[in-house]
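Architecture at a glance
Here is how the chains run, residue by residue.
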Amino acid sequence: MKLGIVGLPNVGKSTLFNSLTKAGAESANYPFCTIDPNVGVVAVPDPRLKLLGDFYHSKKVTPAVIEFVDIAGLVKGASKGEGLGNQFLANIREVDAILHVVRCFADDNVIHVDGSVEPLRDIETINLELIFADLEVIERRMAKVGRTAKMDKSAGKEYALLERIKAHLEDGQPAKTLEPDDDDQRAAMREYNLLTAKPVIYAANVSEDDLEDDAAENELVQKVRGYAGAEGSEVFVICAQIEEEISELEEDEKKEFLEDLGIAESGLDKLITASYRLLGLLSFLTSGEDETRAWTIKVGTKAPQAAGKIHTDFERGFIKAEVVNYQDLLDCGSYAGAREKGLVRMEGKEYVVQDGDVILFRFNV
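Below: a short report on this structure.

The rules we used
Residues numbered from 1 in each chain as written. Predicted model: local features only at pLDDT ≥ 70, side-chain atom pairs only at ≥ 80, totals over all residues. Heavy atoms only, no water. Axes fitted to C-alpha atoms, helices over the stretch in contact; angles between N-to-C directions. Helix = DSSP H or I, 4+ residues; strand = E, 2+ residues; numbered from the N terminus. Parallel < 35°, antiparallel > 145°, perpendicular 65-115°, else oblique. Left-handed = near helix turned anticlockwise from the far one by under 90°. Contact = heavy atoms within 4.5 Å. Patch = residues over 30% accessible without salt bridge, like charges linked within 9 Å, V, L, I, M, F, W, Y side chains within 5 Å. Areas by Shrake-Rupley, 256 points an atom, 1.4 Å probe, with all protein chains shown as cover. Salt bridge = Lys/Arg side-chain N within 4 Å of Asp/Glu carboxyl O. Lys, Arg positive; Asp, Glu negative; His and termini not counted. Charge placed at Lys NZ, Arg CZ, Asp CG, Glu CD. Buried < 20%, exposed > 50% of the residue type's maximum accessible area, 1.4 Å probe, protein only. Nonpolar A, V, L, I, M, F, W, Y, C, P; charged D, E, K, R; others polar. Pairing = 2+ DSSP bridges.

Here we look at the packing of helix α3 (residues 119-145) against helix α4 (residues 153-170)
Their axes nearest at 10 Å, the elements α3 and α4 cross at an angle of 155°. When the axes of α3 and α4 are compared, the pair comes out roughly antiparallel. Once α3 is placed against α4, the crossing between them reads as left-handed. Together, I131, D134, L135, I138, E139, R141, M142 and V145 of α3 and A155, E158, Y159, L162, E163, I165, K166, L169 and E170 of α4 make up the contact between the two elements.

Structure (structure tokens):
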């Protein structure tokens, strides 16, 4: 899973990136301190892995990971070359979702590029720049397809779709709110890889005082929640500054620190939950003496395709999947015990993998 972090300058993007990845991206109180996109990889916290690793005395425990790309702060007119221009938007073309950091705190010591804190205005500014960037992609494609659209039926159909998308974007609407007519159009839109077609998670960055009760009293956060709800996006509340402090602590210190703040989970935990929910993801597990590992797949993935995540040969030569729920396995105390109780199942090609499945794939190539 790959997430691209966007937002206006000085909203807390790089501070959040630092806290999530501990990669040490430069963070300063002035725009554009992130000149080159920073990339960091974060392990997905999953307590099941340690339990299974201990169960099997695994030599190695490998979690699922999320890759974060921190993009330089965009400003109004970026698509026309303002600020750093839109040169960095190409860096988020390949991400699975966009993490949009929105400032929801007042602090006279931290300048705002537009002079005041107004999250909905800030969201619209970024969204417009993404729309302008998508319009460039669509217009270039129209110029190419238009040469043969009158003579080629397939090209003509695509050109009509491109015209629909262009009109939709020019109306200020993101591509994800345009409903394709059929599967062919849906596939074409995926191929264009439009920024505004990507799912969005809003990170409402608040002060430490607003962290308790999930910023229920913060009117700026409520505005962001209303906006996100209308477009089917996810929102989570975070204090980037606190997250950076948390990232420096050991696991037991981290838990105590969170309790002192009166919050149940860290921003990273909230973000991962929101990401998996928004993108429709789950983790299945493989475990043994050599390695215990989590694998991330889409909800609804069948056993052969899940096997293919491990190795293409597993999918190509798939025979059966030996499946047991991780909790059932631990409760029984041994694999043999789980088998005796009928909790280990042999599943075929149509089996839909579930979150928390521990799977041994049988294959022959």
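Having seen the structure, we can now continue with the description.
With respect to a negative patch on the surface
A cluster of acidic residues, E250, D252, E253, E256, E259 and D260, forms a negative patch at the surface. Mapping E253 onto the fold places it in helix α8 (residues 251-261). On the basis of relative accessibility, which here comes to 40%, the residue E253 falls in the partly exposed class.

Things to note about the packing of α3 against helix α6 (residues 219-231)
Running from N to C, α3 and α6 point in directions that differ by 40°, and their axes come no closer than 9 Å. The angle between α3 and α6 falls in the class oblique. Taken together, the residues of α6 that come into contact with α3 (itself represented by P119, L120, I123, E124 and N127) are L220, K223, V224 and Y227. Residue composition of the contact of α3 with α6, grouped by class: 6 nonpolar, 1 polar and 2 charged.

As for the sheet that holds strand β5 (residues 97-103)
A sheet is described by the order of its strands in space; here 6 strands give the open sequence β2-β4-β1-β5-β6-β7, paired in mixed fashion. Looking at the sheet topology across the chains shown, the edges are occupied by β2 (38-43) and β7 (234-238). Averaged over all pairs of adjacent strands, the angle between their axes in this sheet comes to 25°, without regard to strand direction. Relative to β5, α3 is tilted by about 145°, and along the sheet it contacts β1 (2-6), β5 and β6 (200-205).

Notes on the pairing of strand β8 (residues 281-287)
With 6 of 7 residues buried, β8 is to be regarded as a mostly interior element. Joining the antiparallel neighbours β8 and strand β9 (residues 291-298) is a turn of 3 residues.

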